[in-house]
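Chain by chain, the residues run as shown.
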Amino acid sequence: MKVAVMATLVAILSACSVSYKFNGASIDYTKTKSIQIADFPIRSSYVWAPMGSIFNNTLKDKFAAQTRLAQVKRNGDLKLEGEIIRYEQRNKAVSSEGFSAMTELTLTVNVRFTNNVNHAEDFEQQFSASQSYETTLSLNAVQEELVTKMVEDIVSQIFNAAVANW
């Protein structure tokens, strides 16, 4: 009797189709098998050319590494598209001499997410991240490092909003 109950319990548990991972993704792989990730163009007035490819590659890599979804060019069960809409810097702190001491760099991305399996989860939302640097440094000296950190932050926000569903 115990063996039959245990076998039934194991069969029920192994039949569950929702995958929960430590990375936060909860995807029903029996219904959701693919994702379409469009390249996000830069639409901000201030542009740093490598930013677009850094963002697009990081976003695609995150979904490839942390889900089992096939990335397709069209007709994906999930669809991510949008644009980089803001990339700007502003003075954040002033020194005792009255000069700028810290500068804050901000990146904002507008995202449209479509879940063709469950349209109740569709959204359009803006995601932002900021990094500060000492004004004694030139933007050229710190830009790649700061943009990479902001992109990683924004990509994590997008991933959580799209597939974490907590």
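Given the structure is predicted, the values throughout are model-derived calculations rather than measurements.

**Q** Would you take a moment to explain unusual backbone geometry for this structure?
**A** Comment: phi is negative for the bulk of residues other than glycine, and the bulk of peptide bonds are trans. Even without being a glycine, Asn-75 presents a positive backbone phi close to 60 degrees. Mapped onto the elements, Asn-75 comes out in the loop between β4 (70-71) and β5 (78-94). Asn-75 sits in the exposed class, given a relative accessible area of 68%.

**Q** Would you take a moment to explain the nonpolar core for this structure?
**A** By size, the foremost hydrophobic cluster in this structure holds 38 residues, and its most contacted members are Phe-55, Leu-59, Phe-63 and Leu-80. Sorting elements by how many residues they give to this core places helix α3 (residues 139-164) first, with 12 residues. The contacts of Phe-63, once residues within four sequence positions are left out, are Ile-35, Ile-37, Gln-71, Leu-80, Phe-159, Ala-162 and Val-163.

**Q** Please clarify how the sheet that holds strand β7 (residues 123-134) should be interpreted in this entry.
**A** Two strands in a sheet stick together by hydrogen bonds in their backbones, pointing the same way (parallel) or opposite ways (antiparallel). Taken in spatial order, the 5 strands of this open sheet run β4-β3-β5-β6-β7, and their pairing is mixed. The outermost strands of the open sheet, each flanked by one partner alone, are β4 and β7. Of the pairings in the sheet, the one linking β5 to strand β6 (residues 100-115) comprises 15 bridges and is antiparallel in character. Following the sheet pairing, Glu-83 is matched in β6 by Asn-110. The sheet strands contacting helix α2 (residues 50-66) are β3 (34-37), β4, β5 and β6, and the helix crosses β5 at an angle near 125 degrees. Across the sheet, α3 touches β5, β6 and β7, and the angle it forms with β7 is around 150 degrees.

**Q** Would you mind going over the side chain of Thr-67 with me for this structure?
**A** Here Thr-67 lies in the loop between α2 and β4. Taking the relative accessible area as the measure of exposure, Thr-67 reaches 7% and is therefore buried. At a separation of 2.5 Å, a polar atom in the side chain of Thr-67 contacts the main-chain carbonyl oxygen of Phe-63. In this structure the side chain of Thr-67 is engaged in a polar contact, spanning 3.3 Å, whose partner is the backbone nitrogen of Leu-69.

**Q** Quick question: what am I supposed to make of α2 here?
**A** Think of an α-helix as turning once every 3.6 residues; residues three or four places apart then point the same way. Under the 1.5 Å per step criterion, the end-to-end length of α2 is 24 Å for 17 residues, consistent within 8% with the ideal 24 Å. Listed in full, the buried residues belonging to α2 are Met-51, Gly-52, Ile-54, Phe-55, Asn-56, Leu-59, Lys-62 and Phe-63.

Criteria and cut-off values
Residues numbered from 1 in each chain as written. Predicted model: local features only at pLDDT ≥ 70, side-chain atom pairs only at ≥ 80, totals over all residues. Heavy atoms only, no water. Helix = DSSP H or I, 4+ residues; strand = E, 2+ residues; numbered from the N terminus. Buried < 20%, exposed > 50% of the residue type's maximum accessible area, 1.4 Å probe, protein only. Core = buried A, V, L, I, M, F, W, Y, C linked by side-chain atoms within 4.5 Å. Contact = heavy atoms within 4.5 Å. Pairing = 2+ DSSP bridges. Axes fitted to C-alpha atoms, helices over the stretch in contact; angles between N-to-C directions. Polar contact = N/O pair within 3.5 Å; in protein donor to acceptor, adjacent residues only side chain to side chain. Expected span 1.5 Å × (residues − 1).

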